[in-house]
There are 2 protein chains.
Amino acid sequence: MKPDFDLSLYLVLDPDMCGGHAAALRTADLATRNGATVVQLRAPEWKKRAWLALAVDLKALLAPRGVPLIINDHVDIALAADADGVHVGQKDLPAHVVRRLIGPNKLLGLSTSSLADLRGVDADLVDYIGVGPVYPTGTKEDANPVLGVVKLAQLLVEKPLPAVAIGGIGIAQAAEVIGAGADGVAVVSAICAATDPAAASVQLGATIASAREVAA
Amino acid sequence: MKPDFDLSLYLVLDPDMCGGHAAALRTADLATRNGATVVQLRAPEWKKRAWLALAVDLKALLAPRGVPLIINDHVDIALAADADGVHVGQKDLPAHVVRRLIGPNKLLGLSTSSLADLRGVDADLVDYIGVGPVYPTGTKEDANPVLGVVKLAQLLVEKPLPAVAIGGIGIAQAAEVIGAGADGVAVVSAICAATDPAAASVQLGATIASAREVAA
């Protein structure tokens, strides 16, 4: 059976930004004890042996908390670590290939950045979408052009699945992103580069919750 | 059942060096029609959708010729393309993990560059080893220190499995590498960057064959 998932506060864990394996594990621990609802591991510069070691440790940390561990791009690492799912972009393995490799019981997320991308989503194969980049970001070298929050809102009207917004989102942006119709907020540096990842997670969670009340 | 393999002239296909997808396919075609016995796809800078597309085309080209297609590092692409095997390095997924993911009927190659690496090879899991870099090479950024042909020969005395030598090997080096005890020669630029990949393959194949006669 597929794990339940809640996109509210989706941590994209960049272990280099955190300071390495141990620091990344500590960041994931603090974030998920303070409101983060999903952890995606994303270490594009890392070799796979290091990826796997961190994925295995994250899985052991997160599984008892019911927080899904998602692996960016690398289906083989997700399989090896028995992670809860995979997140792919438009240039990574296609959704039908990923679904075939991971089977029916794992989560599959897909990045989208345009109406064409959204309309290309096969909602029978994919479980949630990422939409972005909403704001400028330094954490992804090959990012698409920035959408802005108005375009985000226009895209989210068409969302075929639960959607998490991504790209340059911090405390100051979280409320308007939720107001634009996102089901959750994906953050990288807002937690990974925070001096106090626990406090940042609490603040982000509170901001998201009150923005939802306003939107409701 | 595992495919037969012959390490004699092992082409490590770098599609960027060849000039892209179509050019790489053409290089693999020319090389395997002129003596290359294995093709490994290695495109560390490529996104996986492009890897998969080329792997699928290579598989269709090579399977009728009985030439195994090996995928560097990415087990997921090997699975998706139904390639004949995977080649990993010491920092990639460990052999026992790769074997679990690919099952018993695919080839598994492992890069080694020291006596410690050789002694760490599990010959029940791995099918062949790569040994190198023998000579200086510009095609792998994170390469280990150069062995030289004497050290290569010393290492090959301990080889637990068929071994292909790699790293800076061209026509001028192929004979002494075979003389040092290698079962085959892995080349990148000697074919990918050759003005005439067919002629380069023929020449390499002839050099390897006559070096074997000398060694026998």
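Residues numbered from 1 in each chain as written. Chains lettered and ligands numbered in written order. Predicted model: local features only at pLDDT ≥ 70, side-chain atom pairs only at ≥ 80, totals over all residues. Heavy atoms only, no water.

Caption draft 1: Seen up close, the environment of Leu110 of chain B. Residue and element names in this part refer to chain B. Mapped onto the fold, Leu110 is located in strand S5 (residues 107-112). Placed 15 residues apart in sequence, Leu110 and Ala95 show a C-alpha to C-alpha distance of 7.7 Å. When neighbours within four sequence positions are excluded, Leu110 is seen to be in contact with His87, Val88, Gly89, Gln90, Val121, Val126, Tyr128, Ile129 and Gly130. (Helix = DSSP H or I, 4+ residues; strand = E, 2+ residues; numbered from the N terminus. Contact = heavy atoms within 4.5 Å.)

Caption draft 2: Representation of the relation of the copies chain A and chain B. Mapping chain A onto chain B leaves a residual RMSD of 0.0 Å; the transformation is a rotation of 180° accompanied by 0.0 Å of translation along its axis. Overall, the copies show the geometry of a two-fold rotation axis. Rotation axis and chain A: the residue whose C-alpha lies nearest the axis is Asp76 of chain A, separated from it by 2.4 Å. Counting the interface residues of chain A, we find that 100% of their copies in chain B are interface residues as well, pointing to one common contact surface. (Least-squares fit on C-alpha atoms with pLDDT ≥ 70 in both.)

Caption draft 3: Up close: the packing of helix H8 (residues 171-179) of chain B against helix H10 (residues 197-215) of chain B. Residues and elements named next belong to chain B. The interhelical angle for the contact between H8 and H10, taken along N-to-C directions, is 25°, at an axis separation of 8 Å. Put simply, H8 runs roughly parallel to H10. Regarding H8 and H10, the two cross each other, and that crossing is right-handed. Every residue of H10 that contacts H8 at Ile171, Ala174, Ala175 and Ile178 is listed here: Ala200, Gln203, Leu204, Thr207, Ile208, Ala211 and Arg212. (Axes fitted to C-alpha atoms, helices over the stretch in contact; angles between N-to-C directions. Parallel < 35°, antiparallel > 145°, perpendicular 65-115°, else oblique. Left-handed = near helix turned anticlockwise from the far one by under 90°.)

Caption draft 4: Region of interest: the pairing of strand S1 (residues 9-13) of chain A. Residues and elements named next belong to chain A. Counting buried positions along S1 yields five of five residues, so the element is predominantly enclosed. The side-chain alternation of S1 yields two buried faces, one formed by Leu9, Leu11 and Leu13 and the other by Tyr10 and Val12. Both S1 and strand S8 (residues 184-187) contribute to a ladder of three bridges, which runs parallel. Considered in S8, the bridge of Tyr10 is made with Ala186. Where S1 lies against strand S2 (residues 38-41), four bridges are found, and the strand directions are parallel. Counted as the bridge partner of Leu11 is Val39 from S2. (Buried < 20%, exposed > 50% of the residue type's maximum accessible area, 1.4 Å probe, protein only. Pairing = 2+ DSSP bridges.)

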